[in-house]
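# Coordinates in review
Chain by chain, the residues run as shown.
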Amino acid sequence: MSEAIPTPPTTLEDALQAARALLSSEDKVLMQTRSLEDAIASLHLTLGYQLRSALSLWSDVADPLILDMAKKMPECPPLEADSASRALIRALWHEFHNH
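Residues numbered from 1 in each chain as written. Predicted model: local features only at pLDDT ≥ 70, side-chain atom pairs only at ≥ 80, totals over all residues. Heavy atoms only, no water.

The contact between helix α1 (residues 12–22) and helix α5 (residues 63–72) brings their axes to 9 Å, and the two run at 105°. Considered as vectors, α1 and α5 are oriented roughly perpendicular to each other. Across the interface between the two elements, L12, E13 and A15 from α1 touch L65, D68, M69 and K72 from α5. The residue inventory of the contact of α1 with α5, partitioned by class, reads four nonpolar, no polar and three charged. (Axes fitted to C-alpha atoms, helices over the stretch in contact; angles between N-to-C directions. Helix = DSSP H or I, 4+ residues; strand = E, 2+ residues; numbered from the N terminus. Parallel < 35°, antiparallel > 145°, perpendicular 65-115°, else oblique. Contact = heavy atoms within 4.5 Å. Nonpolar A, V, L, I, M, F, W, Y, C, P; charged D, E, K, R; others polar.)

Here it is in structure tokens:
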């Protein structure tokens, strides 16, 4: 289980930086080799859980982050912890496929 970050991120960019640090080598391979939807489905219970815990997405302290993500990711606005972790996995997947 991931420990919560002492000062949770309030921007998408900071959240992605924290999320990158949580990626295991297996997660990276999965991101590179699976379709977007397969990656989200495969990582939701593992990396997604780590993101929800480490970034305190279940807490009100995540509200500024979720608002920032909604502005910057209108195609999949996060409304709560689960959709926020899915949106972060989606953004990470796009990073792997756009470089």
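And the narrative resumes.
Let us now look at helix α4 (residues 47–54). Most of α4 sits out of view: six of its eight residues are buried. All of the buried residues along α4 are L47, G48, L51, R52, S53 and A54. On its buried face, α4 is in contact with α1, α2 (25–33), α3 (36–43) and α6 (81–97). (Buried < 20%, exposed > 50% of the residue type's maximum accessible area, 1.4 Å probe, protein only.)

Among the nonpolar cores identified, the biggest contains 30 residues, and M31, L47, L57, M69 and L88 are the most heavily contacted of them. Elements that contribute at least two residues to this core include exactly α1, α2, α3, α4, α5 and α6. When residues of this core are assigned to their parent elements, the largest contribution, eight residues, is made by α6. Excluding residues within four positions of it along the chain, L57 makes contact with L51, R52, A62, L65, I66, A81, A84, S85 and L88. (Core = buried A, V, L, I, M, F, W, Y, C linked by side-chain atoms within 4.5 Å.)

Right, let's talk about the side chain of R52 for a bit. Inspection of the secondary structure assignment puts R52 in helix α4. Within the structure, R52 has its side chain in polar contact with the side chain of S85 (distance 2.7 Å). Contact partners of R52, with chain neighbours within four places excluded, come to H44, L57, W58, A81, D82 and S85. (Polar contact = N/O pair within 3.5 Å; in protein donor to acceptor, adjacent residues only side chain to side chain.)

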